[in-house]
Amino acid sequence: MRKGVSGFFLCLSVVYSQYVEVYPYHNVVDTVLMIAGGFGELRNSHFHAGIDIRTNEREGMPVYSIDDGYVYRVNISPDGYGKAIYIMHNNGYCSVYGHLSSFSPVIEGKIKSIQYVKHTFSIDTIFSYESAIKVKKGEMIALSGNTGFSTGPHVHFEIRKDSCNKPVNPFSVFFRFNTKTSPVVYSIVIYAVDTLSGASRAFKWISSFRGTDILEVPEVFGIGIQAVDKTPGYKFRLPVYSVELCERIINGGNENATGSVEECRRLLSLDSLSFDEKMLINYFRDNVVFHKKKSTIMKTFAVRGIDFSFYADKKTRGIIKVLDNEVKQLKLKVCNSAMVCREITLYVRGNRRFNYTEDNCKVFRSDTVIYGDRFIVEVPGGAVLPCYDFFVKEGEDGSVVVGNETIPLIRPFKIYIKPLSSQALQKQVIVLHRENGKGKSHYEALPTDIERGWLTANSGYMGAFRVVYDTLPPVIIRLNSRKVAYRRGEFIRMKVYDNLTGVSRIDVFVDGRWALSEYDKKTREAVVLLDTFFFMKCEPRTNVRIPVSVIAFDKVGNRSSITFHIVIKERASIPERSKSADNSQGGRRCVEGS
């Protein structure tokens, strides 16, 4: 291997057996490439679409483009990936870098110009090749941060294909993940499967793998595993990459006895996923076990109605069949991205007494509409898996209860609820109360529309739905309220929040002109940076008291505002403000353009 290549790293601070080789591509950051979250990792309500790269728990670390390309897209949001940049490469792949604190000066200038023209912090802009900024391999494109829905400083990194729309595992196509340690398998679950209805249920939980015991199983079953890729001394647990199955018929339970030829197939392969498959996590992860036992079991098989990128066995869909009284040897290989595998051997005997059949169960294969006195629920075909006790009823507190959190919902449904009053419909919203994956209550105001006098919303969660009035405007609190004098490079800070529908927009006017304020939903802070770009666009007066007005709106139009005064010290070295420009518009406005 070539010495001195910057993309080849070994952990030095602690002796780990894992390292990441990125050559011939450039490393994303300057430090050892430490992975804190893996591709396909099962988050509370979605699959992780990339890898999380540690930045030593600090912000402001340079982030580099892994290869030549151009800035294809920039997305800035108070949630999600926060500040994110998408680089399109010459090989057709796209790299994504999220939770950034800022971009390189050239990119930052172009993006802020767009924000000032549109008078908005949140943008999602796609650039053509002709108009885009070109970048070189190893060029600094941004600084790491903690923006958006991030629980700590890090870089969220993705590789995508298909016009930057389909995430793929970085360790399948770009990087190489090396380790000598095999994954840890905690449990295996045997699921009895009814192939006719498409239903399945947990039949046997195995946590001891002695290999010689013969397990009595149904004639048709699938396997679930509880496993992680964990290196000793490394606190982060990553998802496994693949699961392979080799099976052969034997006479009795003796491995050396004469039997059939071994047949092997791959059940799981975490190579790529689609954002449209987000809700399939409710099937792939045993939803009942997740909510009741707080454990994660990954199903390696697909029942009727499930089509998922991670399932590699398209022919038999991961279903295992063994005849009554027939004995099979099963070898499971659970592997990480380096294809270091943990092999587990099981012996199973088919027993038709344990076969699973559901004669009478609810099956939502076609669109279904459920009516009540105060509600209508539209369930798309295939949204609810067969044989779960899906129900809709009116709660004693006036809510509409739709199922419970253990029912695996794989497509959103639509709910209609009668409003509390025919007055002020636009101020009434549907609020969902549910239990999250950690057993805690969660309240969420859903985006609510009005159709034929009914309030309606789409939901990807079960729970209790009720209508509430939102008449309270957002709260705005100036931070460091005693501070009057500001200098170039300092921040004007405000706390802005709304406890129901949430903040939809914040406008800040400094000395009568719109100024860019960056909002972080996580911290509820809006900040105005008095940087060179601010002075160039807003040309505030200096060394005199000038007004700062902050206006915030929530998602149903409630509005609040505050005004305070500051003094900006040290006049910026910029052209004097044009009197004709001020007078011709009847007031001040930000200079538009680059």
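Given the structure is predicted, the values throughout are model-derived calculations rather than measurements.

### Looking at the sheet that holds strand β32 (residues 454-459)
The strands making up a sheet associate through backbone hydrogen bonding, with each pair oriented either parallel or antiparallel. A sheet is described by the order of its strands in space; here five strands give the open sequence β24-β25-β28-β32-β31, paired in antiparallel fashion. One side of each edge strand has no neighbouring strand; the edge strands of this open sheet are β24 (368-371) and β31 (449-451). The average angle at which neighbouring strand axes cross in this sheet is 25 degrees, direction not considered. Where strand β25 (residues 375-379) meets strand β28 (residues 413-417), four bridges bridge the pair, whose relative direction is antiparallel. By the bridge assignment, F375 is partnered in β28 with I417.

### Overview of helix α1 (residues 105-118)
Taking 1.5 Å of rise per residue, 14 residues should cover 20 Å, and α1 covers 20 Å from first to last C-alpha, within 8% of that figure. Restricting attention to buried positions, one finds in α1 the residues I107, E108, G109, I111, K112, S113, I114, Q115 and Y116. Backbone geometry just after α1 places H119 at a positive phi near 55 degrees.

### A short note on the side chain of T179
Residue placement: T179 occurs in the loop between β13 (176-178) and β14 (184-194). Accessibility expressed as a relative area gives 8% for T179, which makes it buried. Engagement of the side chain of T179 in a polar contact is seen with the backbone nitrogen of T181, the distance being 3.0 Å.

### Observations regarding the side chain of T125
Tracing the backbone shows T125 in strand β8 (residues 123-126). Here T125 falls in the buried class, since its relative accessible area comes to 13%. Setting aside chain neighbours within four positions, we find T125 in contact with Y72, R73, V74, I114 and K118.

### A word on the sheet that holds strand β18 (residues 242-250)
Taken together, the five strands give an open sheet; going across it, the order is β16-β23-β22-β18-β19, and neighbouring strands pair in mixed fashion. In this open sheet, the two edge strands, each paired with only one partner strand, are β16 (214-217) and β19 (263-269). Each strand axis lies, on average, 30 degrees off the axis of its neighbour in the sheet, ignoring direction. Pairing between β16 and strand β23 (residues 341-350): four bridges, direction parallel.

### Some details on the confidence of the model for the protein
Counting all residues, the mean pLDDT for the protein is 88, and 90% of those residues have values of 70 or more. In this model, residues 1-18 is a region of pLDDT below 50 whose contacts with residues beyond four sequence positions or in other chains number 38 contacts. Low confidence marks residues 572-594, where pLDDT is under 50. Its contacts with residues over four positions away, or in another chain, come to 43 contacts.

### A few points about the nonpolar core
Ranked by internal contacts, the top residues of the largest apolar core, which has 76 residues, are V28, I85, Y97, F175 and F534. With near-sequence residues (within four places) excluded, F175 lies in contact with V20, E21, V22, Y25, V28, L33, I66, F157 and P170. Counting 49 residues, the second-largest nonpolar core is a separate cluster that includes I225, V240, V348 and L385.

Analysis parameters
- Residues numbered from 1 in each chain as written.
- Predicted model: local features only at pLDDT ≥ 70, side-chain atom pairs only at ≥ 80, totals over all residues.
- Heavy atoms only, no water.
- Pairing = 2+ DSSP bridges.
- Helix = DSSP H or I, 4+ residues; strand = E, 2+ residues; numbered from the N terminus.
- Axes fitted to C-alpha atoms, helices over the stretch in contact; angles between N-to-C directions.
- Expected span 1.5 Å × (residues − 1).
- Buried < 20%, exposed > 50% of the residue type's maximum accessible area, 1.4 Å probe, protein only.
- Polar contact = N/O pair within 3.5 Å; in protein donor to acceptor, adjacent residues only side chain to side chain.
- Contact = heavy atoms within 4.5 Å.
- pLDDT = per-residue confidence, 0-100.
- Core = buried A, V, L, I, M, F, W, Y, C linked by side-chain atoms within 4.5 Å.

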